[in-house]
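One-letter residues, chain by chain:
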Amino acid sequence: MHIRGDHVELVVGGRLDVRSAADARTVLHTAVDDGVGDLVLDLSELDSWDATGLGVIMGVHRRAGRCGRRLVLRDVPPQMQRLLVATRLHRILAIEGGIGLESLPRV
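Residues numbered from 1 in each chain as written. Predicted model: local features only at pLDDT ≥ 70, side-chain atom pairs only at ≥ 80, totals over all residues. Heavy atoms only, no water.

Overview of the overall build of the protein chain
Filter applied, for reference: Numbering of helices and strands runs from the N terminus, with a helix taken as a DSSP run of H or I at least four residues long and a strand as a DSSP run of E at least two residues long. Radius of gyration here is computed from C-alpha atoms only, and the compact-globule reference equals 2.2 Å multiplied by the residue count raised to the power 0.38.
In terms of regular secondary structure, the protein chain is built from three helices and five strands. The order of α-helices and β-strands along the protein chain, N terminus first, is β-β-α-β-α-β-α-β. Compactness check: the protein chain gives a C-alpha radius of gyration of 13 Å against a globular reference of 13 Å for 107 residues, within 12% of the reference. For the C-alpha atoms alone, the extent of the protein chain along its principal axes is close to 40 × 30 × 20 Å.

Quick look at helix α3 (residues 78–86)
To keep it simple, the criterion reads: Working definition: with a 1.4 Å probe on protein chains only, accessible area under 20% of the residue-type maximum means buried, over 50% means exposed, and in between means partly exposed. To be clear, the arc concerns the directions from the helix axis to the C-beta atoms. Whether two residues are in contact is decided by their heavy atoms: any pair within 4.5 Å suffices.
Regarding α3, the residues found buried are Met80, Gln81 and Leu84. Across the axial projection of α3, the buried residues extend over an arc of 105°, all falling on one side. In the core, the buried residues of α3 are packed alongside β3 (38–49), α2 (51–66), β4 (70–74) and β5 (94–95). Looking at the residues trailing α3, positive phi occurs at arginine 88, about 65°.

Looking at the environment of glycine 37
Within the secondary structure, glycine 37 is located in the loop between α1 (21–34) and β3. The exposure class of glycine 37 is partly exposed, given its relative accessible area of 38%. When the C-alpha atoms of glycine 37 and glycine 68 are compared, they prove to be 7.6 Å apart, with 31 residues separating the residues in sequence. With near-sequence residues (within four places) excluded, glycine 37 lies in contact with Arg69 and Arg70.

A few points about the pairing of strand β1 (residues 2–5)
Worth spelling out the cut-off: Pairing between strands is defined by DSSP: at least two bridges between them are needed.
Pairing analysis gives four bridges linking β1 to strand β2 (residues 9–16), with the strands arranged antiparallel. Bridge assignment links glycine 5 to a residue of β2, and that residue is leucine 10. What sits between β1 and β2 in their antiparallel hairpin is a turn of three residues.

Side note on the environment of threonine 26
Relative to the helices and strands, threonine 26 is located in helix α1. Remark: the alpha-carbon pair of threonine 26 and isoleucine 3, spanning 23 residues in sequence, is separated by 11 Å.

The following block contains the structure:
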């Protein structure tokens, strides 16, 4: 897993899972704490996430709200869009451009 960027926009790549969750949480929380306004997470390079990784995203979302910021997800890969829809988290999280439900493959 890799994260690059600043306290305004970060690109997350690789796998966001139980092995990378602690490091990701630290970097993302620091970005939330050190910035103002929207924090954009570009997920275009993200290969996969598991329940732990999704928990990190939700924790950052809550922390951003407490700091008067908003977490915005950008370029969410289709397989991760399906998970957000299945868990109904697409209704809670800000997703740039929304979720293209009609373009998601059926499972």
